[in-house]
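Per-entry structural report
The primary structure of each chain is shown beneath.
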Amino acid sequence: MKILVLGSGAGGGFPQWNCNCRLCAGQRTGEVRASPRTQSSIAVSANGDDWVLLNASPDIGAQLRASKALHPRPRHGVRHSPIQAVVLMDSQIDHVAGLLSLREGQRLQLYCTPESYEDLTGSLPLLKALDKYCGVTWHPMPLEPGGGAWHEIAGLRLQAVPVPGKAPPYSPRRQTEARSDNAAVLIEDPATGKRVLYAPGLAQVGDAERKSLDACDCVLVDGTFWTEDEMLTAGLGTKRAADMGHLPQCDGPHGPGMLKALDACAAKRKVLIHINNSNPILDEDSAERAELTRRGIEVAFDGMELEI
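Rules behind the numbers
Residues numbered from 1 in each chain as written. Predicted model: local features only at pLDDT ≥ 70, side-chain atom pairs only at ≥ 80, totals over all residues. Heavy atoms only, no water. Helix = DSSP H or I, 4+ residues; strand = E, 2+ residues; numbered from the N terminus. Buried < 20%, exposed > 50% of the residue type's maximum accessible area, 1.4 Å probe, protein only. Contact = heavy atoms within 4.5 Å. Areas by Shrake-Rupley, 256 points an atom, 1.4 Å probe, with all protein chains shown as cover. Lys, Arg positive; Asp, Glu negative; His and termini not counted. Charge placed at Lys NZ, Arg CZ, Asp CG, Glu CD. Core = buried A, V, L, I, M, F, W, Y, C linked by side-chain atoms within 4.5 Å. Salt bridge = Lys/Arg side-chain N within 4 Å of Asp/Glu carboxyl O. Phe/Tyr/Trp six-rings, centres within 6.5 Å; stacked < 30°, edge-to-face > 60°. Lys NZ or Arg CZ within 6 Å of the ring centre and 35° of its normal. Pairing = 2+ DSSP bridges. Axes fitted to C-alpha atoms, helices over the stretch in contact; angles between N-to-C directions. Polar contact = N/O pair within 3.5 Å; in protein donor to acceptor, adjacent residues only side chain to side chain.

Regarding the overall build of the protein chain
Looking only at helices and strands, the protein chain features nine helices and 14 strands. By principal-axis analysis of the C-alpha atoms, the protein chain measures approximately 50 × 45 × 40 Å. Per-residue burial over the protein chain gives 54% buried out of 308 residues. Taking as baseline every contact in the protein chain between residues at least 6 positions apart, the subset at least 24 positions apart corresponds to 66%. For the protein chain, the exposed surface amounts to about 13300 Å²; the carbon and sulfur share of it is 51%. Distance between charge centres in the protein chain, computed from 32 positive and 37 negative side chains, equals 3 Å.

Structure below.
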């Protein structure tokens, strides 16, 4: 199974276009050793020819142009894309806005929860707009405790599992605790039995989440924030990590952080993705980055390739 990290940043990417924090400003001037990042999305393939896109970020056009494996194949004619389907974790704008950039392709095969579909045909009606262009075939992925049904897509098996998180700010369910607004996806290669978990948004790690982590050979999980009050400390906002549905790497007032969860995880490869522009792990010379290296935890970067 092949995995391409198309984008590894959180909403706004890095450096964020309107941000002059230490990390963003330092990256622009070269005073901070850090790689630029587009907004998070990955692509997976069983054979290197047919690909499944997980989330469609606003940067998807640039991401596809930068990824040779996702370029059109001349043998298929003038217009072609190796992307067979798109799977959404949720309906957050930084995970779905790129769907509009796919309007010039073939009919879109879209897999997402009923709640995300409701948002994308209601409060943010992207799918109604796409129906006037390429058209959309929706494949429901309802979430159930322990995971829903397995879906066979392009030679892979995918299962959506519910994870704690927040609905988008525009959603009528923003203030509810409905777990089915947020999904992680288990990806299995039936030829090898190897599994990957993709969970760019994860508010906490309880027993169910630990079970999913331990069932995989590789995990790509929420790396948004280092600390709970990171945005406040940096002067970038008033919301804490929990307010936005993210588990910080460090322990906080709500309990153990992502580092302890990954320390206990049985997966051979542990990768942080969806990294906010405020997170000090972006600085490759930081103490926080060194701590991740010591623990055997990787930091995703745009263009990263993994073979599981």
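Topic: the nonpolar core
The tendency in soluble globular proteins is for nonpolar side chains to be buried as a group. Core analysis: the biggest nonpolar cluster contains 34 residues, and V219, V221, M258, L272 and L292 have the highest contact counts within it. Elements represented by at least two residues in this core include exactly α1 (22–29), β9 (183–188), β10 (195–199), β11 (218–222), α8 (258–263) and β13 (297–299). For this core, the element with the highest residue contribution is α8, accounting for four residues. Not counting residues up to four positions away in its chain, the partners in contact with V219 are L197, L213, L262, C265, A267, R269, K270 and V271.

Quick word on the pattern of salt bridges
Counting across every chain of the model gives 17 salt bridges. Put simply, R33 and E284 hold a salt bridge, and the shortest N to O gap is 3.0 Å. Taken together, the positions of R33 in the loop between α1 and β2 (41–45) and E284 in the loop between β12 (269–273) and α9 (287–295) put the pair 251 residues apart, joining distant regions of the chain. We note a salt bridge from E298 to R269, for which the minimum N-O separation is 2.8 Å. Within this pair, whereas E298 is found in strand β13, its partner R269 is found in strand β12, the two being separated by 29 residues in sequence. On the basis of relative accessibility, which here comes to 28%, the residue R269 falls in the partly exposed class. Several salt bridges converge on common partners, so that one network encompasses E152, R157, E188 and R195.

Observations concerning the packing of aromatic side chains
With the rule as written, the count across this model stands at one aromatic pair. With a centroid separation of 3.9 Å and an interplanar angle of 10°, the aromatic rings of Y117 and W138 are classed as stacked. You can see Y117 sitting in helix α4 (residues 114–121) and its partner W138 sitting in strand β6 (residues 136–140), a full 21 residues away along the chain. Taking relative accessible area as the criterion, W138 reaches 27% and is therefore assigned partly exposed. When the ring centre of W150 is taken as reference, the NZ or CZ atom of R157 above it lies at 4.4 Å.

Overview of the sheet that holds strand β7 (residues 150–153)
With respect to topology, seven strands assemble into an open sheet ordered β7-β8-β9-β10-β11-β12-β13, the strand pairing being mixed. Strands with a single pairing partner mark the edges of an open sheet, and in this sheet they are β7 and β13. Adjacent strand axes in the sheet meet at a mean angle of 25°, parallel and antiparallel pairs treated alike. With four bridges connecting them, β7 and strand β8 (residues 156–162) associate as antiparallel partners. When the bridges of β8 are listed, I153 appears paired with L156. Set on the sheet, α9 makes contact with β12 and β13; between it and β13 the angle comes to about 135°.

Thoughts on the pairing of β7
Burial along β7 is one-sided: the face carrying H151 and I153 is buried and the face carrying W150 and E152 is not. The hairpin turn running from β7 into β8, its antiparallel successor, is two residues long, and A154 in that turn takes a positive phi close to 50°.

Description of the sheet that holds β6
Taken in spatial order, the seven strands of this open sheet run β6-β5-β4-β3-β2-β1-β14, and their pairing is mixed. Each of the sheet's edge strands pairs with one partner strand only, and the pair in question is β6 and β14 (305–307). Here the average twist between neighbouring strands, direction ignored, is 25°. Note: strand β1 (residues 2–7) against β2, five bridges, orientation antiparallel. Residue pairing in the sheet places L4 in a bridge with A43 of β2.

What to know about the environment of I308
Its place among the elements puts I308 in the segment after β14. Residue class for I308 comes out buried when judged on its relative accessible area of 18%. With 110 residues separating them along the chain, I308 and Y198 place their C-alpha atoms 13 Å apart. Not counting residues up to four positions away in its chain, the partners in contact with I308 are M1, I3, K194, V196, D217 and C218.

A look at the side chain of E228
Residue position: E228 is located in the loop between β11 and α7 (230–233). Despite its burial, E228 pairs with no opposite charge, the nearest such side chain being R240 at 5.6 Å. Polar contacts involving the side chain of E228 include one to the main-chain amide nitrogen of A242, which spans 2.9 Å. Ignoring anything within four residues of it in the chain, the contact list for E228 reads R240, A241, A242, P248, P253 and H254.

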